[in-house]
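Summary of structural features
Spelled out from the first residue to the last, the chains are:
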Amino acid sequence: MARKKDRLKINKAGPFFVDSSCIDCGSCVHIDPEHFGQTGNSSYVHTQPSSQKEINQALLALVDCPVAAIGAPKRLTSQISNDIFPIMVTKHSSGEVYYCGWSSKLSFGASSWLIRSSEGNVLIDSPRWSALLARKIEEMGGISKMVLTHRDDVADHSKWAKAFNCERFIHKEDADAAPEAEHLLTGMNVIPISKNLKLIPTPGHTAGSLVALLGNKQQILFSGDHLWWNPSKKVMIASKDYCWWNWSEQLKSVKKLLDLDIEWLLPGHGHAHRFKKGEWEIALSQTLMHAESSEDSLSY
Ligand code: SF4
């Protein structure tokens with residue numbers, strides 16, 4: 001629980017605050033950029049929410065924080081239930097997509113996503129274990145498959161796999177992070193794991209990074225840490241600074257995605273984004289042009 005005595009001085013005066021236990025994972029900023037920002041060392045409240053709608057969004061960030069570093073008075077926190085997650089992002093012809101919340105310190109606050117479909121529900125990356133979230137997912141039909149996009153975001157995968165007896169998929173190159181996974185993928189070929197969901201190996205950020213692609217038209221891309229959106233610059237980021245394995249391989253992997261028809265980009269870290277028809281290829285081409293010509297891919 002966030003402590004008032006550890007409240008960071010940089011917070012805007014008012015009821016919401018971030019305390020010194022913040023690990024600067026950015027999750028609150030992705031959920032509620034209108035009120036939370038990052039200094040480079042931590043997050044903070046840059047604007048206090050005023051309307052009820054704004055308060056609700058700030059409360060979502062508070063509940064999601066992996067280390068409970070966000071505080072607010074009880075009169076506000078009592079307005080939100082701990083079992084608020086998962087939250088629907090979009091209804092796609094191939095299934096409903098939800099944000100799972102319960103981001104984990106183990107995956108540095110990475111986002112995880114649930115696809116609810118008649119083919120069986122799929123968890124994309126692992127949230128923190130939560131009996132409350134597990135109960136909600138059970139009511140939604142459980143989990144039949146779990147895709148682990150790369151080694152960093154496996155969090156509590158073992159607990160989720162045990163609870164739902166689901167099959168886990170991870171690339172062999174990152175499999176030391178989840179050696180018990182039922183499916184260790186090899187090579188660079190696209191791997192369909194159901195009628196509407198395929199996995200595309202995209203080495204670069206890590207040797208075993210992969211993305212998951214839902215649907216055939218107006219697709220949804222679960223991009224792990226391969227790509228994410230920067231809302232202030234309105235560009236897609238492939239980050240050399242956060243490339244742990246091989247940057248030139250990552251750029252090759254980015255190129256592989258040019259022909260897609262992406263409507264939603266749902267990353268592990270960074271902001272999600274919805275594209276209009278035709279915007280994806282333009283945005284990704286710009287990212288590639290910038291990344292190939294720049295030493296620092298974050299200098300947008
Ligand atoms: S979600 Fe919590 S730990 Fe992460 S940046 Fe925000 S306050 Fe810090």
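No experiment lies behind these values; they were computed from the predicted model shown. Positions within a chain are numbered from 1, following the residues in the order the chain's sequence is written. Thresholds applied to this predicted model are a pLDDT of at least 70 for local features of residues and 80 or more for the giving and counting of side-chain atom pairs; totals over whole chains, interfaces and linings are not thresholded and use all residues. Only hydrogens and water are removed before side-chain values are computed, so all heavy atoms of the structure are retained for them.

A word on the site of the ligand
Each residue is tested against the molecule or strand, and it is near if at least one of its non-hydrogen atoms lies within 4 Å. Around the ligand, a shell composed of 13 residues is seen, among which Cys22, Cys25, Cys28, Ser43 and Cys65 lie nearest. Gly is placed with the polar residues, together with every amino acid not listed as nonpolar (Ala, Val, Leu, Ile, Met, Phe, Trp, Tyr, Cys and Pro) or charged (Asp, Glu, Lys and Arg). In terms of residue class, the shell around the ligand is made up of 9 nonpolar, 3 polar and 1 charged.

A closer look at unusual backbone geometry
Of the consecutive residues phenylalanine 85 and proline 86, the connecting peptide bond is found in the cis state with omega at 5°. Following the sequence through the fold, proline 86 ends up in the loop between α3 (74-77) and β5 (87-92). Not every positive phi belongs to a glycine, and alanine 68 is a case in point at roughly 50°. Each helix corresponds to a stretch of at least 4 residues labelled H or I by DSSP, and each strand to a stretch of at least 2 residues labelled E; elements are numbered beginning at the N terminus. Inspection of the secondary structure assignment puts alanine 68 in the loop between α2 (52-64) and β4 (70-71).

Looking at the pairing of strand β10 (residues 167-171)
Only protein chains enter the accessibility calculation, which uses a 1.4 Å probe; a residue whose area is less than 20% of its type maximum is buried, one above 50% is exposed, and one in between is partly exposed. Judged by how many residues are buried, β10 sits mostly within the fold: 4 of 5 residues are covered. Where strand β9 (residues 145-147) and β10 come together, 3 bridges link them in parallel fashion. Bridge pairing in β10 places methionine 146 opposite arginine 168. When the strands point away from the viewer, a crossover counts as right-handed if the route from the first strand across the helix to the second turns clockwise. With helix α5 (residues 157-164) bridging β9 and the parallel β10, this β-α-β connection has right-handed handedness. Pairing between two strands is assigned when DSSP locates at least 2 bridges connecting them. Bridge analysis of β10 against strand β11 (residues 183-185) gives 3 bridges, and the strand direction is parallel. Looking at the pairing, isoleucine 170 lines up with leucine 184 of β11.

Describing the sheet that holds strand β15 (residues 219-224)
Strand order across the open sheet formed by 6 strands is β12-β13-β14-β15-β18-β19, with mixed pairing between neighbours. The sheet is open, and its two borders are formed by β12 (191-192) and β19 (273-274), each paired with just one other strand. Where β12 meets strand β13 (residues 197-201), 2 bridges bridge the pair, whose relative direction is antiparallel. When the sheet's bridge partners are listed, proline 192 is paired in β13 with lysine 198.

Looking at the pairing of strand β14 (residues 210-214)
Within β14, 5 of the 5 residues are buried, which leaves it mostly tucked inside the rest of the structure. By the alternation rule, side chains of β14 split into Leu210, Ala212 and Leu214 and Val211 and Leu213, which are all buried. In terms of strand pairing, β13 meets β14 through 5 bridges, oriented antiparallel. Looking at β14, one finds that isoleucine 200 is bridged to valine 211.

Looking at the pattern of salt bridges
Each reported salt bridge corresponds to a side-chain nitrogen of Lys or Arg within 4 Å of a carboxyl oxygen of Asp or Glu. A complete count under the given rule lists 12 salt bridges for this structure. The shortest N-O distance in the salt bridge between lysine 277 and aspartate 261 comes to 3.2 Å. Of this pair, lysine 277 sits in the loop between β19 and α7 (279-293) while aspartate 261 sits in the loop between α6 (247-255) and β18 (262-267), and the two are 16 residues apart along the sequence. Glutamate 263 is the partner of arginine 274 in a salt bridge, and the nearest nitrogen-oxygen pair spans 2.7 Å. Separated by 11 residues along the polypeptide, arginine 274 in strand β19 and glutamate 263 in strand β18 bring together distant segments of the chain. Looking at glutamate 263, the relative accessible area reads 12%, which means it is buried.

Quick word on the UniProt feature "domain: Metallo-beta-lactamase" (unreviewed entry) in the protein
UniProt positions are given in the numbering used here, feature names are shortened, and annotations may be inferred rather than shown by experiment. The sites that UniProt annotates as "domain: Metallo-beta-lactamase" (unreviewed entry) are residues 109-269. For residues 109-269, the helix share is 16%, the strand share is 30%, and the end-to-end C-alpha distance is 8 Å.

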